[in-house]
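Results of the structural survey
What follows is each chain in one-letter form.
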Amino acid sequence: MRCHETRELLSLYIDHVLDEDLAAQVSAHLDFCPECRKEYEDLVKIIGVLSTLPEVPVPEDLENRWRMA
C-alpha cells in the first residue's frame, strides 16, 4: 500500500470501520512508514483533544438560515 492510499484511509482506520484485510494493510504500512505513522499519531491526538471540547448546541433555525444565504 502506498502513502497516499494509506493517508486516505487513516480516518476510517482510526474509527475501526475498515474490513479486516484493508485494516491489516494500513497497519502494516504504518509499521514501516514513519511519515504516515506520524500523520496517524497526529490525527489520534487531534481526535483526543476535540473529544474533550464541550458540545455546542446547533441553532434550531440553522437550516433556514443556510437556505436564505
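This text follows the structure it describes.
Here is what the cut-offs are and how they apply
- Residues numbered from 1 in each chain as written.
- Predicted model: local features only at pLDDT ≥ 70, side-chain atom pairs only at ≥ 80, totals over all residues.
- Heavy atoms only, no water.
- Patch = residues over 30% accessible without salt bridge, like charges linked within 9 Å, V, L, I, M, F, W, Y side chains within 5 Å.
- Areas by Shrake-Rupley, 256 points an atom, 1.4 Å probe, with all protein chains shown as cover.
- Salt bridge = Lys/Arg side-chain N within 4 Å of Asp/Glu carboxyl O.
- Helix = DSSP H or I, 4+ residues; strand = E, 2+ residues; numbered from the N terminus.
- Buried < 20%, exposed > 50% of the residue type's maximum accessible area, 1.4 Å probe, protein only.
- Phe/Tyr/Trp six-rings, centres within 6.5 Å; stacked < 30°, edge-to-face > 60°.
- Axes fitted to C-alpha atoms, helices over the stretch in contact; angles between N-to-C directions.
- Parallel < 35°, antiparallel > 145°, perpendicular 65-115°, else oblique.
- Left-handed = near helix turned anticlockwise from the far one by under 90°.
- Contact = heavy atoms within 4.5 Å.
- Nonpolar A, V, L, I, M, F, W, Y, C, P; charged D, E, K, R; others polar.

1. Details of a nonpolar patch on the surface
Taken together, the side chains of Ile46, Leu50 and Leu53 present a nonpolar region at the surface, about 290 Å² in accessible area. Along the chain, isoleucine 46 turns up in helix α3 (residues 34-51). When its relative accessible area of 46% is taken as the criterion, isoleucine 46 is described as partly exposed.

2. Some points on the packing of aromatic side chains
What the rule picks out here adds up to 1 aromatic pair. Pairing tyrosine 13 with tyrosine 40 gives two aromatic rings, centres 5.7 Å apart and planes at 65 degrees, and the pair type is edge-to-face. Within this pair, whereas tyrosine 13 is found in helix α1 (residues 3-14), its partner tyrosine 40 is found in helix α3, the two being separated by 27 residues in sequence. Here the two residues tyrosine 13 and tyrosine 40 agree in accessibility, since each one is buried.

3. Focus: unusual backbone geometry
Trans is the common state for peptide bonds, and a negative phi is the common state for residues other than glycine. Its identity as a non-glycine residue notwithstanding, histidine 16 has a phi of 60 degrees, on the positive side. Position of histidine 16 relative to the elements: it lies in the loop between α1 and α2 (20-32). Its relative accessible area of 71% is what places histidine 16 among the exposed residues.

4. Quick look at the packing of α1 against α3
Taken N-terminus to C-terminus, the directions of α1 and α3 make an angle of 25 degrees; their axes are 10 Å apart at the nearest point. Taken together, the axes of α1 and α3 lie roughly parallel to each other. Note on packing geometry: the crossing formed by α1 with α3 is right-handed. Where α1 abuts α3, its residues Cys3, Thr6, Arg7, Leu10, Tyr13 and Ile14 lie against Glu35, Cys36, Glu39, Tyr40, Leu43, Val44 and Ile47. Here the residues of the contact of α1 with α3 sort into 9 nonpolar, 1 polar and 3 charged.

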